[in-house]
Amino acid sequence: MSVQNPPETTPASLQTDSDLLISPYGGELIDLRIPTGEKPEAVEKAAHLPSIQLSDRAVCDLWLLATGAFSPLKAFLGRDDYQRVLAESRLADGTLWPIPITLSVEPGPEIAFDREVALRDSRNHLLAVLRIEEIYPWSLKEEALAVYGTTDERHPLVAEMHAWPKINIAGRLQVLDLPPRHDFRDLVLEPRETRSRLEQVGRANVVAFQTRNPLHRAHETLTKSAADRVGGTLLLHPVVGLTKPGDVDHFTRVRTYKALAGRYYDPDRSVLALLPLAMRLAGPREALWHALVRRNYGANHLIVGRDHASPGKDSQGKPFYGPYDAQELVAGHQDEVGVAPVAFQELVYLPDEQRYEEASRVPEGRKVLSLSGTQVREDYLGRGRRLPSWFTRPEVARILEDAYPPRHKQGVCIWFTGLSGSGKSTTAEVLVARLQESGRQVTLLDGDVVRTLLSRGLGFSREDRDLNIRRIGYVAAEIVRHGGTVVVAAVSPYRAARNEVRARVGQGRFVEVFVDTPLEVCESRDVKGFYARARRGEIRNFTGIDDPYEAPLNPEVVLSTTEADAAANADLLVTHLKNQGFVADAEITAESAADANAAGSASARDLLHEAV
């Protein structure tokens, strides 16, 4: 394991009042909450102000601004700070800060200079009052290229940005209440609370571990070794705000952290706390941001792994960032940030020695074992097989098995896109019947039906089309999240909206099916007469005539309805879904049952052994 040694001493300018932990970034923790005695009057005043409803992302940002986790920030970024963050990863005064923390809003009469607005969450809880001191536009392309290095809509944040309003506001914040959290309240600790627990442990050096995944034995080895090498305390600090769509849900993850922290970590050398951060998946810039945030929580070291904060691969199948770009950027700024990276490579298991080691340090010819995240999901959890004990603790394995049934029982979204008249709905109807024959319960969301019920009143402007797709995508994602199968047949002409839905559903559970039927063929099938009316100018903004259709760049499946009929195409899709594990053959079901029986026997033996 490659670990950078900590400095011998911490500069006096970075000390806290206790002279133990590193000081907050900028010297002090910001607290934006109004005094308790002033709250009743402020709440009464806010009740008469126009309101802005915050997104889940903005709610996370507000929590971290209010409690000092984003110190030295005191507000959402104004224009000068925003522009310099994009250009140089610095605030206007030169302070290093790599990620823009902004509040975008729809324009309206209430958005005016020197006006106050109440900030509320999606459930209308009053959170804060903002006095508008700046109003400025922002550019999706400029921000995406500067911060994320791409405009590729397969990047989850870039896809999400298409739905953001196009103006930002900034100004003085008065926080009346922190966003309410009802889960794991004993572990969602503010920076001051976390620092207090770390000070009780009594070590100046603190190494933080950023994670959005369950902890397996390689992580356990890594974190304990890192704490030993710096002679300090381990801060297990998983993110429970917004992570990558498709990640293991935070309830499951936190259950695994609690199980491990309670049995396998020394309570005198470790602290478990949860961080309600909304990740941007910005790779290197995000890693640097994580280091700054963790300093506010008392850490002067951060474990930075391979592909830290990466969203995966782009629409061409290439990684968005280099595997070690994040490590290099954090190392290049460690003196300024005050947080040293603890870099590590891939760890593999040596079965003959029953231990983990960095792959680069294993002698040639030595037997090694390793499992990728894909193998864990597809070969084990997806097939109902027990994870091996060398890879993960039995407590973690049981929690994951409970939360993630075999793949043929997991949710999936099959999304048909193509021109009107391409054959989407006909093929989708046949597919639904085939899937029901195989034992899957299926919901069909047809574009025409949705327009009549869910999206009645929407027109055909780009904004209304995108809103229609987001509504369908929201329903589809909820069905998938609860283990259902949903088939969607909608023109969905714009690539950004489809990729936004992909991100919401989760990359591994979204199957984009491009029904590639030429326009002239669709027009010849014009059973509803829409194309003819569009050609005569009676219908405006009709896809393929006077409004564009953006074909998928890299769909999972491409169908031709000129060379195959709906039944043949549906069979092709069933085969694809079987290959992905979403439809079970009899052989797969039998194997899963056998594995389950074996796992049950093993669990019984384990319990008997523990009892003895």
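Located above this text is the structure these notes cover.
Residues numbered from 1 in each chain as written. Predicted model: local features only at pLDDT ≥ 70, side-chain atom pairs only at ≥ 80, totals over all residues. Heavy atoms only, no water.

**Student:** Looking at this structure, how should I read the overall build of the protein?
**Tutor:** Helices and strands together make up the secondary structure of the protein, namely 21 helices and 19 strands. Taken against the 2.2 N^0.38 rule, which gives 25 Å for 612 residues, the C-alpha radius of gyration of the protein at 26 Å falls within 12% of a compact globule. A burial count over the protein gives 52% of its 612 residues as buried. Relative to all contacts within the protein whose residues are 6 or more apart in sequence, the contacts with residues 24 or more apart total 73%. Taking the 74 positively charged and 84 negatively charged side chains of the protein as two groups, their mean positions are separated by 2 Å. (Helix = DSSP H or I, 4+ residues; strand = E, 2+ residues; numbered from the N terminus. Rg over C-alpha atoms; globule rule 2.2 N^0.38 Å. Buried < 20%, exposed > 50% of the residue type's maximum accessible area, 1.4 Å probe, protein only. Contact = heavy atoms within 4.5 Å. Lys, Arg positive; Asp, Glu negative; His and termini not counted. Charge placed at Lys NZ, Arg CZ, Asp CG, Glu CD.)

**Student:** Sorry, what's going on with the nonpolar core here?
**Tutor:** It is characteristic of soluble globular proteins that their nonpolar side chains tend to be buried jointly. Ranked by size, the top nonpolar core spans 118 residues in total, and within it F70 and W97 carry the most contacts. No other element matches helix α2 (residues 56–67), which puts seven residues into this core. In contact with F70, other than residues within four places in its own chain, are D61, L64, L65, W97, I101, L277, W289, V293 and N296. Core analysis: the second largest hydrophobic core is formed by 23 residues, F416, V515, A566 and L573 among them. (Core = buried A, V, L, I, M, F, W, Y, C linked by side-chain atoms within 4.5 Å.)

**Student:** Can you walk me through unusual backbone geometry in this structure?
**Tutor:** Glycine aside, negative phi is the norm for most residues, and most peptide bonds take the trans geometry. The amide bond that connects S71 to the next residue, P72, takes the cis arrangement and shows omega of 15°. In this model, S89 sits at a positive phi of 60°, which is unusual for a non-glycine residue. On the secondary structure map, S89 appears in the loop between α3 (79–88) and β2 (103–105). On the basis of relative accessibility, which here comes to 11%, the residue S89 falls in the buried class. Phi at D114 is positive, roughly 65°, even though this residue is not glycine. Within the secondary structure, D114 sits in the loop between β2 and β3 (116–120). Of the residues examined, D114 reaches a relative accessible area of 55% and is grouped as exposed.

**Student:** Even after reading the chapter, I still don't get the packing of helix α14 (residues 424–437) against helix α20 (residues 566–579), so can you show me in this structure?
**Tutor:** Axis angle and axis distance: for two packed helices, these are the angle between their axes and the distance between the axes, and together they describe the pair. Put simply, α14 and α20 touch, their axes get as near as 8 Å, and they point 50° apart. Looking at the two axes, α14 sits oblique to α20. Taken as a pair, α14 and α20 cross one another with a handedness that is right-handed. Residues T426, T427, V430, L431, R434 and L435 of α14 form the contact with α20, whose participating residues are A566, A567, N569, A570, D571, L573, V574 and L577. (Axes fitted to C-alpha atoms, helices over the stretch in contact; angles between N-to-C directions. Parallel < 35°, antiparallel > 145°, perpendicular 65-115°, else oblique. Left-handed = near helix turned anticlockwise from the far one by under 90°.)

**Student:** Please explain the packing of helix α8 (residues 250–263) against helix α13 (residues 394–403) as it appears in this structure.
**Tutor:** Running from N to C, α8 and α13 cross one another at 165°; their axes reach a closest spacing of 9 Å. Taken together, the axes of α8 and α13 lie roughly antiparallel to each other. Seen along the crossing, α8 lies across α13 with a hand that is right-handed. Here T252, R255, T256, A259, L260 and R263 of α8 lie close against α13, whose contacting residues are E395, V396, I399, L400 and A403.

**Student:** Would you explain the environment of K39 in this entry?
**Tutor:** By secondary structure assignment, the location of K39 is in helix α1 (residues 39–46). Considering only alpha carbons, one finds K39 and P405, 366 residues apart in sequence, at a separation of 47 Å. Once residues within four sequence positions are removed from consideration, K39 is found in contact with I34, L176 and D177.

**Student:** Looking at this structure, I do not really get α20. What am I missing?
**Tutor:** Turn by turn, an α-helix covers 3.6 residues, leaving residues three or four places apart pointing in a common direction. Along its 14 residues, α20 runs 20 Å from first to last C-alpha, staying within 8% of the 20 Å computed at 1.5 Å per residue. Among all positions in α20, only A566, N569, A570, L573, V574, H576 and L577 are buried. Projected down its long axis, α20 carries its buried residues within an arc of 160°, all on one side. Along its buried surface, α20 packs onto β15 (412–417), α14, β18 (510–515) and β19 (557–559). In the stretch just after α20, G581 is the one whose phi turns positive, near 90°. (Expected span 1.5 Å × (residues − 1). Arc of directions from axis to C-beta.)

**Student:** Looking at this structure, how should I read a nonpolar patch on the surface?
**Tutor:** Taken together, the side chains of V449, L453 and L454 define a hydrophobic patch exposed on the protein surface, amounting to about 290 Å² of accessible area. Counting through the fold element by element, L453 comes out in the loop between α15 (447–452) and α16 (462–481). (Patch = residues over 30% accessible without salt bridge, like charges linked within 9 Å, V, L, I, M, F, W, Y side chains within 5 Å. Areas by Shrake-Rupley, 256 points an atom, 1.4 Å probe, with all protein chains shown as cover. Salt bridge = Lys/Arg side-chain N within 4 Å of Asp/Glu carboxyl O.)

**Student:** Could you clarify how one ought to interpret empty space enclosed by the protein in this entry?
**Tutor:** In this approach, a probe sized like a water molecule rolls over the atoms, and the result shows the empty space that is left. What the rule picks out here adds up to one cavity of 30 Å³ or more. In this structure, the largest cavity spans a volume of roughly 30 Å³. Taken together, G283, P284, D307, H308, S310, Y321, G322, D325 and A326 make up the lining of the largest cavity. Of the residues belonging to the lining of the largest cavity, the class tally is three nonpolar, four polar and two charged. (1 Å grid on protein atoms, 1.4 Å probe; cavity = no way out; pocket = protein on both sides within 12 Å on 5 of 7 lines; lining within 4 Å. Points joined across faces, edges and corners; volume = space filled by probe spheres on them. Nonpolar A, V, L, I, M, F, W, Y, C, P; charged D, E, K, R; others polar.)

**Student:** Would you explain α16 in this entry?
**Tutor:** Over its 20 residues, α16 extends 28 Å from the first C-alpha to the last, a length consistent with the 28 Å expected when each residue adds 1.5 Å. All of the buried residues in α16 are R465, D466, N468, I469, I472, G473, A476, A477, I479 and V480. Seen along its axis, α16 keeps its buried residues to an arc of 165°; they face one direction. Turned more than 90 degrees from where α16 packs its buried face, E463 and R481 sit exposed. The inward-facing, buried residues of α16 contact β15, β16 (442–446), α15, β17 (485–489) and α17 (495–505).

**Student:** How do you make sense of the sheet that holds strand β1 (residues 51–53) when you look at a structure like this?
**Tutor:** Whenever strands of a sheet pair, they do so through backbone hydrogen bonds, lying parallel or antiparallel. The sheet built from four strands is open, its strands ordered β1-β3-β4-β7 with mixed pairing. At either end of the open sheet lies a strand with only one pairing partner, and these are β1 and β7 (173–175). In this sheet, adjacent strand axes meet at a mean angle of 25° when their direction is disregarded. Note: β1 against β3, three bridges, orientation parallel. Paired with S51 across the bridge in β3 is A118. Relative to the sheet, α2 contacts β4 (126–131) and β7, its axis offset from that of β7 by approximately 90°. (Pairing = 2+ DSSP bridges.)

**Student:** Sorry if this is basic, but what is going on with the layout of surface pockets here?
**Tutor:** Taken as a whole, the second largest pocket spans an internal volume of roughly 890 Å³. In terms of lining, the second largest pocket is formed by 35 residues, of which the most central are S420, G421, D448, V491 and K528. A per-element tally of the lining of the second largest pocket places α14 first, with four residues. Its residues assigned to classes, the lining of the second largest pocket shows 13 nonpolar, 13 polar and nine charged.

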